[in-house]
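These are the residues of each chain, in order.
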Amino acid sequence: MFANLFKPKWRHSSPDVRVRAVNRLRSDRPAHSDILRSLLLDDHSCEVRRAVIERISDLSLLIQALVSEQDQELRRYAASAVADQLSALSMNEQLSWAEQIPDNQSRVELALVDISSTLRSHLIDLIDEQRFLISIATKAATAQTRREAALRITDPEQLEILSRESKGSDKAVHRIAREALQTLRDQKREEARLQARRQELLEALNSLVNGQDHQLFQARFDVIHREWEQLSHDDAAQVTRYNTLKTQAERFIADEAARKAQAEAEENARIERERQDLALTETLEALCLRSAETAELLPELQAAISEVNSFRETAPVSRALEDKAVLAEKLCQSLLRLDEVEASLREQLESPLEDSDKALVGFLSSIDWPQGLQSPALLNQAQQLLNESRQNQQQLKQQHLELVARLDARLTDLEAAIERGEIRTALKQSERAEQKMRTLGAKLPEKLDQRHRALVARLQEMKDWQGFAVNGKKEQLCEQMEALVDSTLPPQPLADQIRALQKEWKELDSGSAVHSQKLWQRFRSAAEAAYAPCEAHFGAQKEKRQQNLAQREEICHQLETLIGSINWDEADWPGLERICHTAKREWKQFSPVDRAPGKVVQQRFNQIIRDLDARLRDWHQQCATSKQSLIDAAAALTEWDDVSAAAQEAKALQRQWKETGPAFRSTERALWQSFREHCDTIFDRLKSGGMPTDPIKVDQAPALLKEEDLSRLTSCADLLSKAEKAILDGDLGMLDTLLGAIRESLSQVPDQWQSALNRRIDAIEPLITAPQGLEEQLSDSEHQLRELCIRLEILLGQPSPDEDQAQRMEYQMLRLQQALDEQSRNPSTADVLELELEWRTIPFSSVFPQLQQRFNQLKQRTE
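Q: Quick question: what am I supposed to make of the overall build of the chain here?
A: Counting secondary structure elements, the chain contains 36 helices and zero strands. Across the 863 residues of the chain, 36% fall into the buried class. Sequence-distant contacts, at least 24 apart, represent 69% of the contacts inside the chain between residues at least 6 apart.

Q: What exactly am I supposed to notice about the pattern of salt bridges here?
A: Where side chains of opposite charge bring their charged atoms close, a pairing between them can arise. Inspection of the entire model under this criterion finds 14 salt bridges. The shortest N-O distance in the salt bridge between Glu-200 and Arg-197 comes to 2.8 Å. On the criterion of helical spacing, the pair formed by Glu-200 and Arg-197 is a turn pair, its members being three residues apart in helix H13 (residues 171-210). Classification of Arg-197 as partly exposed rests on a relative accessible area of 25%. Between Arg-786 and Asp-804 there is a salt bridge, with its nearest N and O atoms 3.2 Å apart. One end of the pair, Arg-786, is in helix H32 (residues 774-795); the other, Asp-804, is in the loop between H32 and helix H33 (805-814), and 18 residues separate them in sequence. We classify Arg-786 as buried; its relative accessible area is 12%. Residue Asp-804 is classed as buried on the basis of its relative accessible area, which comes to 2%.

Q: Any chance you could explain the packing of helix H11 (residues 143-152) against H13 here in plain terms?
A: Each pair of packed helices can be summarised by the angle the axes make with each other and by the distance between the axes. Two elements in contact, H11 and H13, have axes separated by 9 Å at closest approach and are oriented at 10°. In this view, H11 runs roughly parallel relative to H13, as classed from their interaxial angle. As for the relative orientation of H11 and H13, their crossing is right-handed in sense. On the side of H11, the interface is formed by Arg-146, Arg-147, Ala-150 and Leu-151, while H13 contributes Ala-172, Val-173 and Ile-176. Counted by class, the contact of H11 with H13 contains five nonpolar, no polar and two charged residues.

Q: I keep staring at unusual backbone geometry and nothing clicks. Help me out?
A: Of all residues except glycine, most have a negative phi; of all peptide bonds, most are trans. A cis geometry characterises the amide bond from Ser-591 onward to Pro-592, with omega recorded as 10°. Along the chain, Pro-592 turns up in the loop between helix H24 (573-589) and helix H25 (595-637). Positive phi, normally seen in glycine, also occurs at Phe-844, with a value near 60°. Here Phe-844 falls in the buried class, since its relative accessible area comes to 0%.

Q: Please explain the environment of Glu-765 as it appears in this structure.
A: Of note, Glu-765 is situated in the loop between helix H30 (751-764) and helix H31 (766-769). For Glu-765, a relative accessible area of 33% corresponds to the partly exposed category.

Q: What's the story with the confidence of the model for the chain in this structure? I'm lost.
A: Where the model shows low pLDDT, its predicted coordinates should not be examined in detail. Per-residue confidence for the chain averages 75 on the pLDDT scale, and 83% of its residues sit at or above 70. The lowest-confidence element of the chain is helix H1 (residues 2-6), averaging 48 in pLDDT; the highest-confidence one is H25, averaging 86.

Q: Would you mind showing me how to read the packing of aromatic side chains here?
A: The description of an aromatic ring pair uses the distance of the two centres, along with the angle that the planes make with each other. One pass over the full model with this rule turns up eight aromatic pairs. Between the aromatic rings of Trp-657 and Phe-675, the centroid separation amounts to 4.4 Å while the plane-to-plane angle is 15°, which identifies the pairing as stacked. With Trp-657 in helix H26 (residues 643-659) and Phe-675 in helix H27 (residues 665-688), this pair connects stretches of sequence that are 18 residues apart. Owing to a relative accessible area of 6%, Trp-657 belongs among the buried residues under this scheme. In textbook terms, an aromatic cluster arises when at least three aromatic residues are bridged by ring pairs, as seen for Trp-568, Trp-573 and Trp-619. Between Arg-615 and the ring centre of Trp-568, over which it is positioned, the NZ or CZ distance is 4.0 Å.

Q: What is the right way to read the packing of helix H28 (residues 707-729) against H30 from this model?
A: The geometry of H28 relative to H30 is characterised by a closest axis approach of 11 Å and an angle of 10° between their N-to-C directions. For the element pair H28 / H30, the angle class is roughly parallel. From H28, Leu-713, Cys-716, Ala-717, Leu-720, Ser-721, Glu-724 and Ile-727 reach across to H30, where they touch Trp-753, Leu-757, Arg-760, Ile-761 and Ile-764.

Cut-offs applied
Residues numbered from 1 in each chain as written. Predicted model: local features only at pLDDT ≥ 70, side-chain atom pairs only at ≥ 80, totals over all residues. Heavy atoms only, no water. Helix = DSSP H or I, 4+ residues; strand = E, 2+ residues; numbered from the N terminus. Buried < 20%, exposed > 50% of the residue type's maximum accessible area, 1.4 Å probe, protein only. Contact = heavy atoms within 4.5 Å. Salt bridge = Lys/Arg side-chain N within 4 Å of Asp/Glu carboxyl O. Axes fitted to C-alpha atoms, helices over the stretch in contact; angles between N-to-C directions. Parallel < 35°, antiparallel > 145°, perpendicular 65-115°, else oblique. Left-handed = near helix turned anticlockwise from the far one by under 90°. Nonpolar A, V, L, I, M, F, W, Y, C, P; charged D, E, K, R; others polar. pLDDT = per-residue confidence, 0-100. Phe/Tyr/Trp six-rings, centres within 6.5 Å; stacked < 30°, edge-to-face > 60°. Lys NZ or Arg CZ within 6 Å of the ring centre and 35° of its normal.

Next comes the structure, spelled out in structure tokens:
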């Protein structure tokens with residue numbers, strides 16, 4: 001206690017006393033300055049050190065306090081004090097003082113307080129450990145400072161830390177960290193790629209230098225070298241290996257250049273020799289082409305052969321020159337031999353042809369003129385005479401052989417006819433064989449003569465036996481024909497049997513050489529008597545065909561008269577189309593007709609129908625064009641802002657649509673669907689403003705059908721929808737089979753709905769054979785479906801569209817008592833389901849999606 005009385009206040013044991021003592025010290029006094037320094041560096045109280053920081057203005061001391069201070073809050077306070085002192089200095093002085101800060105942590109603390117951006121950037125640049133930059137990047141007050149610190153961080157580990165700490169707090173810093181990490185990864189991948197590419201180039205160069213494939217060596221080496229030079233070379237081992245392989249490659253290129261030069265010299269020598277070889281070949285060829293010049297050619301030919309022999313001694317010659325040399329030597333020998341025998345040959349040519357044949361062969365054989373070379377005129381004359389002699393002999397021999405072959409063929413045909421028992425054919429073949437034998441005369445081979453004699457004997461024997469057998473068979477045919485007289489068979493089968501017996505008689509008669517006139521008269525009389533009942537029947541058929549022909553001619557006449565009287569500008573096109581269909585149907589009814597006149601009248605009818613169909617097609621096309629214009633107009637109405645006016649215009653377009661005739665069946669439905677969609681869009685817009693969407697309360701009632709019965713009914717209805725789609729598409733191939741299968745399936749549906757679905761099938765079936773009734777059926781279906789919508793709206797107490805008000809009133813008047821009963825009770829789920837099932841019994845319900853949507857939207861409000 002007494003010690004405290006004599007101590008200075010700044011050394012008092014109480015921190016509060018020391019703080020008050022510090023507040024009385026002045027830093028501009030040297031003694032006080034030392035005290036403040038001592039307290040700042042040695043005092044254990046944070047409050048005392050803070051008070052000292054507030055009292056001093058010495059930058060070096062403040063920096064020393066910043067560096068040595070352990071308390072984090074006092075470090076920030078000291079950093080703020082340093083910043084305050086630095087702010088009074090020039091920028092250069094600030095930067096100089098910043099460089100005196102010895103550690104990174106103090107630089108961070110100073111960078112986080114309020115200082116100039118230049119000084120802060122300088123402090124960030126002075127921080128040499130990137131882990132300290134993270135504090136600035138995450139804690140700095142300004143985004144610019146955080147970004148600047150983040151951009152200084154390049155270490156992957158520190159970037160990962162920064163990315164985690166900035167995630168969710170600073171998008172810009174987080175993005176910088178992620179982008180820097182991605183850049184490092186890209187650099188690492190690029191370095192790996194370059195390393196791998198350098199290795200690939202080394203492997204390619206090694207394969208080129210040490211492998212077996214040296215084609216295009218120089219070009220391949222240049223490509224590898226250029227790419228290697230463009231890459232960075234950080235791996236010393238790879239560089240050393242490349243230089244080794246490069247040296248080997250350059251040595252190989254030099255060796256290859258030397259080999260190439262030597263090969264070029266050898267090639268030039270070879271080309272020169274080939275040129276000489278070719279020149280000699282052409283010389284010999286030119287001399288051989290002059291082979292007909294006997295006197296002038298021989299000296300030149302001998303000189304050329306001598307030159308070739310000299311050239312052959314130096315080196316091997318080509319095959320072409322060798323062949324020409326052999327040919328030339330042979331030509332030379334032939335010319336020498338011709339010169340020796342020329343006089344004798346000319347004498348022989350003047351001798352008769354029969355005497356000179358063998359001599360000419362001897363002369364030509366001894367001369368042995370080379371084939372393929374033009375021979376002299378003397379040899380040509382000798383060869384021509386020899387060829388004529390041989391040709392005459394060959395012709396005579398060939399004629400003889402042909403006659404023998406024809407005779408042999410005739411005898412073969414004769415033998416075959418005898419084997420088949422065809423006497424008439426055999427007689428004809430025997431006569432032709434005898435003609436060939438007379439032509440051959442004395443040169444007839446003995447073998448063929450004997451064969452002919454044997455066949456003639458067999459033919460005579462067969463004629464004797466056949467006459468007996470054929471007459472017996474004809475007797476049987478007469479009896480069978482006589483049995484048909486007064487027969488009770490119908491005319492057509494009777495006529496068929498008569499014709500069959502007549503055909504059999506004809507076949508017997510054609511194959512027999514013996515004919516009995518008595519049997520023929522008997523057979524013919526019986527046939528005429530048996531055929532008498534058939535005359536009346538076939539006469540009646542002929543009369544029927546004539547009547548049908550007359551009716552067809554009358555149809556053509558009526559159509560031609562009608563078409564001639566029509567004013568085509570005011571034609572009743574629907575009526576014409578009905579007439580056309582009726583005419584085609586009646587035409588088929590009046591059948592058959594006689595072929596020849598029927599063909600003429602058929603062509604006449606076809607031409608009339610083609611002309612009428614062409615005009616009807618033009619009318620349908622005009623209707624399609626008009627309806628497309630109405631569709632375009634309806635589409636434009638959907639864009640009108642005045643919905644009421646658009647609805648009035650749409651109704652006018654609907655009236656025009658009804659007045660317009662039908663388009664082609666293949667396009668009519670598509671046009672109607674498109675037109676209805678646009679009109680429905682307009683009317684839906686008109687109704688959408690006031691249409692209720694709130695749910696409708698209905699009473700829960702037991703299910704009308706069991707689950708399995710409902711499933712069967714739905715399945716049958718879906719199959720019928722597919723059949724209806726096939727009719728609309730014109731695909732009628734298997735509809736009969738499909739409808740039959742559906743009828744069988746209906747046996748498991750409850751009776752009430754079974755009858756309704758059968759009525760749907762009954763409506764579909766006639767359209768398979770009479771598709772012209774489709775439009776009428778679609779109109780009926782639309783009326784029934786619209787009535788179901790009205791019934792559902794009445795049941796649920798909902799309004800109907802304006803265009804259906806008249807139909808709703810008519811329905812309510814016809815069923816007034818039922819309507820009153822329905823209004824007196826709440827609707828139930830069973831009532832709604834009954835209407836839905838009834839919907840499935842209406843044909844072609846899928847063609848009217850707008851009504852389906854109207855029905856479903858109202859039904860869904862009850863669920």
